[in-house]
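Now for the letters of each chain:
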Amino acid sequence: MLWDAMPDRAGMEPEYSEQFRCIGAACEDTCCSGWGVVFDQAACAKYASLPDSPLKVLIETHVKPLPPGVDGTTPESFAKVELTGDNACPFLNAERYCQIQVEYGEEYLSTTCAVYPRIVNKIDGREEKALTLSCPEAARLVLLSPDLLQGDAGSHLLRTAEEMVLPALRGSAQRPVAMLAHFWPLRAFVLGLLTHREYAVWQRLFLLGVFTRRVSALARGELDRGLDEVMKDFAAAVDSGMLREAMDSIQADVPLQLDMVLRLAGLRLPRTHVGQRFLDTVDEFKSGIGNGPGATMESLTANYAEAHERWYAPFFEAHPHVLENLLVNAVFRSLFPFGRKSGEPNAVLDMEREFALLATQYALTKGLLIGVAGHYREAFGAEHVVKTVQAASKHFEHHPGFLDEAYGLLVAGKLDNARGLTMLVRN
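Fair warning: this is a prediction, and the values are worked out from it, not measured in the lab.

Cut-offs applied
- Residues numbered from 1 in each chain as written.
- Predicted model: local features only at pLDDT ≥ 70, side-chain atom pairs only at ≥ 80, totals over all residues.
- Heavy atoms only, no water.
- Helix = DSSP H or I, 4+ residues; strand = E, 2+ residues; numbered from the N terminus.
- Buried < 20%, exposed > 50% of the residue type's maximum accessible area, 1.4 Å probe, protein only.
- Contact = heavy atoms within 4.5 Å.
- Areas by Shrake-Rupley, 256 points an atom, 1.4 Å probe, with all protein chains shown as cover.
- Salt bridge = Lys/Arg side-chain N within 4 Å of Asp/Glu carboxyl O.
- 1 Å grid on protein atoms, 1.4 Å probe; cavity = no way out; pocket = protein on both sides within 12 Å on 5 of 7 lines; lining within 4 Å.
- Points joined across faces, edges and corners; volume = space filled by probe spheres on them.
- Expected span 1.5 Å × (residues − 1).
- Pairing = 2+ DSSP bridges.
- Axes fitted to C-alpha atoms, helices over the stretch in contact; angles between N-to-C directions.
- pLDDT = per-residue confidence, 0-100.
- Disulfide = S-S within 2.5 Å.
- Parallel < 35°, antiparallel > 145°, perpendicular 65-115°, else oblique.
- Nonpolar A, V, L, I, M, F, W, Y, C, P; charged D, E, K, R; others polar.

Student: I'd like a description of the overall build of the protein, backed by residues and values.
Tutor: Within the protein, the regular secondary structure consists of 18 helices and 5 strands. In the protein, which comprises 427 residues, the proportion classed as buried is 51%. Across the protein, the fraction of contacts at a sequence separation of at least 24, relative to all contacts at a separation of at least 6, is 75%. Accessible surface for the protein amounts to roughly 19,300 Å². Of this, 53% is attributable to carbon and sulfur atoms.

This is how it looks when you write it as structure tokens:
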């Protein structure tokens, strides 16, 4: 039962991130290629004190101080690394290791380089680290774990509710409720929904969207009840299956899904450096849906639907944890449903927008995977899933403007609503 599991799950944290180990030269991609890496002021001070050497010349040539307030706040974003002509990091040696780390150790790395692929968030004074899937090894660790949140030694360990300082659940009726104060129980509930395997993944997203809208209404003071009542009632509705009819009433719109995937995938292609792995993924996607001379939207849609039924669906039915892990990690990474900036002074919480972005990123990833599955057909497997997710994550996540542009597409297409988002994610 969903609600019965909530108290013990209230302290879920992404402790699996501590299992990550860089595999260096064995990695299929280079994390610092095409990425605007910033150096913090403390690291730059260390580099300034280094003795004269070829490495110091490289640093003086390629590390450019930023004006105050650009790309963040000084001293965290004190300088930016100027990439080489082929969009590679100038400090990457022939063995694909960072020369700064080779010569002086990890303590000389900038914060950005030392932390990656971990994303550091702070909640209630606690620091936790999620993983960005733009790193191939991180993508493997997250996506392929059969039990990301629980399991044997070495898997994610749950912190029990007793280890957390849980705020009171009950909110004041008919008054705006400060939802951020209820971060931990809301996180537990969200993760409970996303790991509820009696429902398909798209159905879990549907349920999460409904729940997010109810919590948003509560936050605005529109409901005459407390948060604990909202959560208990919704858990009962999920366990009883009473929302299945509402889900089934919204039919899949395959042409709309494909059109949105094509639009999202092409958002930043003309304006940014595009890595070869993402170009390969796009080519595989296009091949899988038959996007060639003479193709029509009708033929593309038919091929897309066939790829889903014949090759995509069988793989994910046999490996139900993969897309679930994708969403769970996204919750940790973005502090869903609040957003990573929610702890900043005067931050405006927009939980419904955060859900729209989560659903959109899922729809894009799923769409690319369907095309790639159509390309590889019977050979489609875990390695193709990891490559597709990693290449897409690196292309989009390393460009902060993507999320605003993606949301703009939703609004322009009038899809930033319950029905539109369900049509995007529905199988």
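Student: Could you give me a rundown of the pattern of salt bridges, with the residues and numbers involved?
Tutor: Enumeration according to the criterion identifies 15 salt bridges in this entry. With a shortest N-O distance of 3.2 Å, Asp 29 and Lys 394 are connected by a salt bridge. On the criterion of sequence distance, the pair formed by Asp 29 in the loop between helix H1 (2-9) and strand S1 (38-39) and Lys 394 in helix H16 (residues 382-397) is long-range, its members being 365 residues apart. Side by side, Asp 29 and Lys 394 carry an identical accessibility label, which is buried. When the shortest N-O distance is used, the salt bridge between Glu 324 and Arg 197 registers 2.8 Å. Of the two residues, Glu 324 sits in helix H14 (residues 321-334) while Arg 197 sits in the loop between helix H7 (183-194) and helix H8 (201-219), which places them 127 residues apart along the sequence.

Student: Run through the layout of surface pockets, naming residues and quoting values.
Tutor: One number sums up the size of the second largest pocket: a volume of about 830 Å³. When contributions to the lining of the second largest pocket are tallied by element, the ones reaching two or more residues are helix H4 (99-104), helix H5 (111-115) and helix H6 (136-143).

Student: Describe H7, with residues and values.
Tutor: The terminal C-alpha atoms of H7 lie 16 Å apart, and with 12 residues this matches the ideal 16 Å at 1.5 Å per residue to within 8%. When you tally the buried positions in H7, you get 12 out of 12 residues, the bulk of the element.

Student: I'd like a description of the environment of Val 328, backed by residues and values.
Tutor: Take Val 328: it is sitting in helix H14. Residue Val 328 is classed as buried on the basis of its relative accessible area of 1%. Note: C-alpha distance between Val 328 and Leu 143 (185 residues apart in sequence) is 9.9 Å. Those residues in contact with Val 328 that sit more than four places away from it in its chain are Leu 148, Leu 149, Leu 191 and Thr 195.

Student: Explain the sheet that holds S1 to me, and be specific about the residues and the numbers.
Tutor: Strand pairing in a sheet relies on backbone hydrogen bonds. The paired strands run either parallel or antiparallel. What the 3 strands build is an open sheet, ordered S1-S3-S2; its pairing is antiparallel. Across the chains shown, the open sheet's two edge strands, defined by having one partner strand only, are S1 and strand S2 (63-65). Relative to strand S3 (residues 79-81), S2 runs antiparallel, the two being bridged by 3 bridges. Looking at S3, one finds that Pro 65 is bridged to Ala 79. Where helix H3 (residues 54-62) meets the sheet, its contacts fall on S2 and S3, and the angle it forms with S2 comes to roughly 45 degrees.

Student: I'd like to hear about the confidence of the model for the protein, residue by residue, with values.
Tutor: In regions of low pLDDT, the predicted coordinates are not meant to be interpreted in detail. Predicted confidence across the protein gives a mean pLDDT of 83, with 85% of residues reaching 70 or more. Here residues 6-11 is modelled with pLDDT under 50, and outside its nearest four sequence neighbours on either side it reaches 17 contacts, counting other chains as well. Within the model, the stretch residues 151-175 combines pLDDT values under 50 with 63 contacts to residues more than four positions away or in other chains.

Student: Talk me through the state of the cysteines; I want residue IDs and the actual numbers.
Tutor: By the definition in use, this model includes 0 disulfides. Free of any disulfide, Cys 27 has its nearest neighbouring cysteine sulfur in Cys 135, separated by 5.5 Å. Of the residues examined, Cys 27 reaches a relative accessible area of 12% and is grouped as buried. Taking relative accessible area as the criterion, Cys 135 reaches 7% and is therefore assigned buried.

Student: Before we move on, can you summarise the environment of Asn 329 with the specific residues and values?
Tutor: As for its position among the elements, Asn 329 is in helix H14. Ignoring any residue separated from it by four or fewer positions in sequence, one finds Asn 329 in contact with Tyr 16, Ala 130, Leu 131, Leu 133 and Val 142.

Student: Could you give an account of the packing of H7 against helix H9 (residues 227-240), with specific residues and numbers?
Tutor: Running from N to C, H7 and H9 cross one another at 10 degrees; their axes reach a closest spacing of 12 Å. Classified by the angle between their axes, H7 and H9 sit roughly parallel to one another. Of H9, the residues touching H7 (which contributes Pro 185, Leu 186, Phe 189 and Leu 193) are Leu 227, Met 231, Phe 234, Ala 235 and Val 238. The residue inventory of the contact of H7 with H9, partitioned by class, reads 9 nonpolar, no polar and no charged.

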